[in-house]
Amino acid sequence: MNASAARKTAVVTGAGSGIGRSVALTLAAAGWSVALAGRREETLAETAELAGPDASVLVVRTDVTSPDEVAALFTAVRDRFGRLDLLFNNAGTFGPGGVAVEDLAYEAWRHVVDTNLNGAFLCAQAAFRQMKEQVPQGGRIINNGSISAHVPRPNSVAYTATKHAMTGLTKSLSLDGRPYRIAVGQIDIGNAATDMTSAMTSGVRQANGSLSVEPVMDAADVARTVLHMAELPLEANVQFATVLATAMPYIGRG
């Protein structure tokens, strides 16, 4: 058996930037083979380069809203690595920021739902099929829920609705995966420092209408938590984990 065959294999969606990139690099550094999926091949290539020459990575340009492209992603993973041990279901978009409910275009709503919810379902479904059929059977799916799976920010109806739906997806997959040794959990993240949260350092809208600067944390802190969840034996599962910047206005009244 060669060294790459002995590695566990992960698929990370949204691997070209932010949390996805950090998780992919952390998994690769820990000895995992990692399939990097995302819409922009150039940023995926950057992630692969950052992983270093000794890393076992596969770049697969993928639009998670396309059933055909998702199917092609998991076929490529099976052909290259032989099995799948982990899906980190991370691809997502916030959508247009600061748009009131009554002004949100249906096309914008649909884009967020297609990416955050339908894309997560398509990837989970493909991973579920492969994990059920492979020998030895089983694997793990970790969904990126966000703390918006619990409470909304102002003017975030599409993003918040999809992240609440992600919790239902996680619970259903977790239940349905039991007979096949498929463990499914969710990580809810608050204010990891990425391009998506860059506005935190200049001020973001609060529930009372004010603008406040919010603290952020390093995305590497999230990645270490995902690695811990990923490397548990399949007999153990972190069902839900919340990782957030300690002083962000989330608990209590801010």
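Reading the values: the criteria
- Residues numbered from 1 in each chain as written.
- Predicted model: local features only at pLDDT ≥ 70, side-chain atom pairs only at ≥ 80, totals over all residues.
- Heavy atoms only, no water.
- Helix = DSSP H or I, 4+ residues; strand = E, 2+ residues; numbered from the N terminus.
- Rg over C-alpha atoms; globule rule 2.2 N^0.38 Å.
- Buried < 20%, exposed > 50% of the residue type's maximum accessible area, 1.4 Å probe, protein only.
- Contact = heavy atoms within 4.5 Å.
- Areas by Shrake-Rupley, 256 points an atom, 1.4 Å probe, with all protein chains shown as cover.
- pLDDT = per-residue confidence, 0-100.
- Pairing = 2+ DSSP bridges.
- Axes fitted to C-alpha atoms, helices over the stretch in contact; angles between N-to-C directions.
- Salt bridge = Lys/Arg side-chain N within 4 Å of Asp/Glu carboxyl O.
- Parallel < 35°, antiparallel > 145°, perpendicular 65-115°, else oblique.
- Left-handed = near helix turned anticlockwise from the far one by under 90°.
- Expected span 1.5 Å × (residues − 1).
- Bend = angle between axes of the 7 residues up to and from the residue.
- Phe/Tyr/Trp six-rings, centres within 6.5 Å; stacked < 30°, edge-to-face > 60°.

Asks: Whenever I open this one, the overall build of the protein chain confuses me. Can you help?
Replies: Assigned secondary structure in the protein chain consists of seven helices and nine strands. By the compact-globule yardstick of 18 Å for 254 residues, the protein chain fits well, its C-alpha radius of gyration being 18 Å. Taken along its principal axes, the extent of the C-alpha atoms in the protein chain is 60 × 35 × 35 Å. Residues classed as buried in the protein chain amount to 49% of the 254 residues present. In the protein chain, 68% of the contacts between residues at least 6 apart in sequence involve partners at least 24 apart. Split by element, the accessible area of the protein chain, about 12100 Å² in all, is 53% carbon and sulfur.

Asks: Looking at this model, I keep getting lost on the confidence of the model for the protein chain. Mind explaining?
Replies: Where the model shows low pLDDT, its predicted coordinates should not be examined in detail. Of the residues in the protein chain, 96% have a pLDDT of 70 or more, and the chain-wide mean is 93. When the criterion is pLDDT under 50, residues 1-5 qualifies, and its contacts beyond four places in sequence or with other chains add up to two contacts.

Asks: What's the story with the sheet that holds strand 9 (residues 240-244) in this structure? I'm lost.
Replies: The strands making up a sheet associate through backbone hydrogen bonding, with each pair oriented either parallel or antiparallel. Spatially, seven strands are ordered 3-2-1-4-5-6-9 in an open sheet, and the strand pairing comes out parallel. The open sheet has two edge strands, strand 3 (56-61) and strand 9, and neither has a second partner. Direction aside, neighbouring strands of the sheet carry axes that sit 15° apart on average. Docked against the sheet, helix 4 (residues 67-81) engages strand 1 (9-13), strand 2 (33-38), strand 3 and strand 4 (86-89), running at close to 155° with respect to strand 3.

Asks: Even after reading the chapter, I still don't get the pattern of salt bridges, so can you show me in this structure?
Replies: Pairs may arise between side chains of opposite charge once their charged atoms sit close together. Taken as a whole, this structure holds seven salt bridges when the rule is applied. With its nearest N and O atoms 2.3 Å apart, the salt bridge here joins Arg-224 to Asp-221. One end of the pair is Arg-224 and the other is Asp-221, both in helix 7 (residues 219-230) and three residues apart, which spans about a single turn.

Asks: Would you take a moment to explain the environment of Asp-195 for this structure?
Replies: By the secondary structure assignment, Asp-195 is in the loop between strand 6 (182-190) and strand 7 (204-205). Between the C-alpha atoms of Asp-195 and Gly-18, which are 177 residues apart in sequence, the distance is 6.7 Å.

Asks: What am I meant to see in the packing of helix 2 (residues 18-29) against helix 7 here?
Replies: Two quantities define a packed helix pair, namely the angle between the axes and the distance from one axis to the other. Following both chains from N to C, one finds helix 2 and helix 7 inclined at 50°, their axes separated by 8 Å at the closest point. Considering the angle they form, helix 2 stands oblique to helix 7. In terms of crossing hand, the pair formed by helix 2 and helix 7 is right-handed. Contacts between helix 2 and helix 7 involve Ile-19, Ser-22, Val-23, Thr-26 and Leu-27 on the former and, on the latter, Ala-219, Ala-220, Val-222, Ala-223, Val-226, Leu-227 and Ala-230.

Asks: How should helix 5 (residues 106-133) be read in this particular structure?
Replies: Along an α-helix, a turn takes 3.6 residues, which lines up residues three or four apart on a common side. With 28 residues, helix 5 extends 38 Å from end C-alpha to end C-alpha; this agrees with the ideal 40 Å at 1.5 Å per step. The axis of helix 5 is deflected most strongly, by about 35°, at Asp-114.

Asks: How should the packing of aromatic side chains be read in this particular structure?
Replies: Two aromatic rings are characterised by how far apart their centres lie and by the angle between their planes. Using the criterion set out here, one finds two aromatic pairs in the structure. Ring plane angle 40° and centroid distance 4.8 Å describe the contact between Phe-94 and Tyr-159, whose orientation is recorded as tilted. Within this pair, whereas Phe-94 is found in the loop between strand 4 and helix 5, its partner Tyr-159 is found in helix 6 (residues 157-177), the two being separated by 65 residues in sequence. Exposure remark for Tyr-159: the relative accessible area of 10% places this residue in the buried category. Relative to Tyr-180, the ring of Phe-128 has its centre 6.2 Å away and its plane inclined at 80°; by these criteria the two rings are edge-to-face. Taken together, the residues span a long stretch of sequence, with Phe-128 in helix 5 and Tyr-180 in the loop between helix 6 and strand 6 at a distance of 52 residues.

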